[in-house]
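# Structure at a glance
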Amino acid sequence: MGLVDKGRLPAPLTKLFNLSRSYSLWVYQWGLACCAIEMGAAFGSPRYDVMRLGVIPLPASPRQADFVCVSGTVTDKMAPAVKRLWEQMPEPKYAISMGSCANCGGPYWDSYSVTKGVDQIIPIDVYVPGCPPRPEALLEGIVLLQQRIKNEDMAAKWRGDEFTTLQRTRAMEAGEVDREGELISDTRSISDEPMPEVAAAHPEPIVVGGGPIE
Amino acid sequence: MTLTDRQQLSYIASQAADARLNVELETEGMTLNIGPQHPATHGTLRIIARLDGEQVVWAEPVAGYMHRGYEKLTEVRTFPQVTSLINRIDWLGSFANEVPFILAAEKLMEIEAPPRAQVIRTILFELSRIANVSLFLGDLGVQMGAITPVFLAFRDREYILNLIEGATGGRFHPNFDRIGGLKDDLPKGWIQETKGAVKKLEEFCDTIDDLLFGNEIFQSRMRGIGVIPADIAKDYGLSGANARASGIDWDLRRDQDLPLSYDLADWKVWTHPDGDSWARCWIRLQETRESCKIVGQLLDQIPAGPVMTKVPRIIKVPEGEAWVATENPLGEMGYYVVSKGDLGPFRVKIRSASFNNISIVPWALKGVYVPDIITILASLYFILGDIDR
Ligand code: SF4
């Protein structure tokens, strides 16, 4: 779509695209430990049935996936592989971190061989806490991710800056950018606030069930 | 007779074609890297196989992608805290991991759980075995391209998980076993519920028996593949269903005197003389049925009484060493606990079944064809947490 890579897209089209994108998510299952079984229950079992949410859990490789679900303990030996997988995925891509281990090290917070949080390696969009989280919690995480995708500005995502419409609205209200998302130069010179792009370079992650991050 | 030019040319051409054919048939060495993230490895095991054409000449498992340092972590936890760690070793049958450690601690403290707690422990132990092995049975099909069994397994496993959750509060990691007994008594109506669920699991076993074990493709890919003779199995320290499939009649539930109530039930240890992939899977199927039987019988024999003996509020385990091993879903799992009289153990050595079970992989994979790698690995059945700890 020429419109997308030019960097501007009419709002109704954006809406349509986002809607269709959010309901055809291909997820790559990066199951590492105990949480992988709960992920399997959420994705593979008839009781939870993730496909009704428009998520397809069976891509053959990360190159076909829209988002990755990292579930389980990431060890220092495994970390390079996780990083490489993330780099193989095509943009736009998202990541869900499932379970305390992937979020922050979990029960192994003082272990010598466990990476304390996969967010040290890849940017995470949704954190699902729990040890292991119930499949329902993972499903909620996916729904929240879909909501985020629906609010996204696809053209901005294409340009590489993850500047969501929501954040643009906020920045517009604050008078930092104009309707097109261009910076209003004098506001920048007046205020000492960090530039909106910097602030919005990585959208704030969502935590299932609320609660503070860190 | 002299050859004409034409005959000479055709002779040369045919020689060249033969040579080409020979080159084509010659097989080249290749190194195949399976994993570290591959569906067939149940997680993050990496297998490096050197191939000659379609045949494996040399294979080596690379463990350690899931090493979480349990043995070191237990040294900085107190005794009651250790159970919350160690039930993540074999994550499919979590409750079974807690039992040997708790028994070892009880042995050091010279106490014993009350009879009611012992029976409930045994029931939960067997339920976690069912939860574990039923997923194995479902997963077997996936390795060979049959997707349906895994959906069935996930569906029917939920009944067991519901029960474990009902009794302990945790679907996966119950952390329910305490030194001296159990945390709580069973909830009301649980026994009746369990009887129904066990029936459902028995039906599941029958379905898998028809669907998978009666399948011709399954049989031809499993029978006679990956044969492990009994003496080799003993040399490598195989245990559990892998050893019993090679004809070794050895089950720690029966052959060992532990404060668990297996002798109250009437059940059978299955063995198989073949030692091939088929035998290993078949043994596990039969064991699931036996477990259902054990649970069904024990449910009627739960004695009345407390579920906890008197233990001090702050648990200090006296100085000493103890070794307790039980028959876990994957094989023999044991803990060697050394205590110096502190709040926490001084040193814990964990003997987990899968680590020994995959040590046979280089031997078992030698000379097999590439598609058989997957089925042999599947039938050996390991869990990554149990290998790497
Ligand atoms: S968060 Fe808990 S359940 Fe999940 S991988 Fe870590 S230890 Fe296992």
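Model, not experiment: these values are computed from the prediction. (Residues numbered from 1 in each chain as written. Chains lettered and ligands numbered in written order. Predicted model: local features only at pLDDT ≥ 70, side-chain atom pairs only at ≥ 80, totals over all residues. Heavy atoms only, no water.)

### A short note on the overall build of chain B
The line we're drawing: By the criteria applied, helices consist of DSSP H or I runs no shorter than four residues and strands consist of E runs no shorter than two, each listed in order from the N terminus. Burial classification: accessible surface area is computed with a 1.4 Å probe over protein chains only, and a residue below 20% of its type maximum counts as buried, one above 50% as exposed, and the rest as partly exposed. Residue contacts are defined here by distance: any two heavy atoms, one from each residue, within 4.5 Å place the two residues in contact. Residues scored as positive are Lys and Arg, those scored as negative are Asp and Glu, and His as well as the terminal groups of each chain are ignored. Note that the charge is assigned to NZ on lysines, CZ on arginines, CG on aspartates and CD on glutamates.
If you tally the helices and strands in chain B, you get 16 helices and eight strands. Overall, the C-alpha framework of chain B stretches about 110 × 45 × 35 Å when taken along its three principal axes. Expressed as a percentage of the 389 residues in chain B, the buried residues total 57%. Once local pairs closer than 6 in sequence are excluded, the contacts in chain B between residues at least 24 apart make up 71%. Computed over 41 positive and 51 negative side-chain charges, the separation of the two mean positions in chain B equals 6 Å.

### Quick notes on the confidence of the model for chain B
All names here are of chain B. To keep it simple, the criterion reads: Per residue, pLDDT measures the predictor's confidence, with a range of 0 to 100.
The pLDDT averaged across chain B works out to 84; a share of 95% of its residues lies at or above 70. No element of chain B has a lower mean pLDDT than helix H1 (residues 5-25), which averages 75, and none a higher one than helix H12 (residues 277-299), which averages 89. Across the whole predicted complex the pTM is 0.80, and at the interface the ipTM reaches 0.77.

### Considerations on the site of the ligand
Defined as follows: One heavy atom suffices: a residue is near a molecule or strand as soon as one of its heavy atoms comes within 4 Å of it.
Close to the ligand lie 15 residues, the nearest being Cys 34, Cys 35, Ser 100, Cys 101 and Cys 131 of chain A. More than one chain reaches the ligand: its neighbouring residues belong to chains A and B. Elements represented by at least two residues in the shell around the ligand include exactly helix H3 (34-44) and helix H5 (99-104) of chain A. The dominant element in the shell around the ligand, judged by the number of residues it contributes, is H5 of chain A, at three residues.

### A short note on the sheet that holds strand E1 (residues 25-31) of chain A
All names here are of chain A. Formally: A pair of strands is considered paired only if DSSP assigns at least 2 bridges between the two. Here, axes are lines fitted to C-alpha atoms. For helices the fit covers the stretch in contact, and angles between N-to-C directions go from 0 to 180 degrees.
A sheet is described by the order of its strands in space; here six strands give the open sequence E2-E1-E3-E4-E5-E6, paired in parallel fashion. Lying at the two open borders of the sheet, with one neighbouring strand each, are strand E2 (55-56) and strand E6 (206-207). Judged from the five bridges that link them, strand E3 (residues 67-71) and strand E4 (residues 94-98) form a sheet pairing that is parallel. Directly across from Phe 67, in E4, lies its bridge partner Tyr 94. Across the sheet, helix H6 (residues 135-150) touches E1, E2, E3, E4, strand E5 (126-128) and E6, and the angle it forms with E4 is around 155°.

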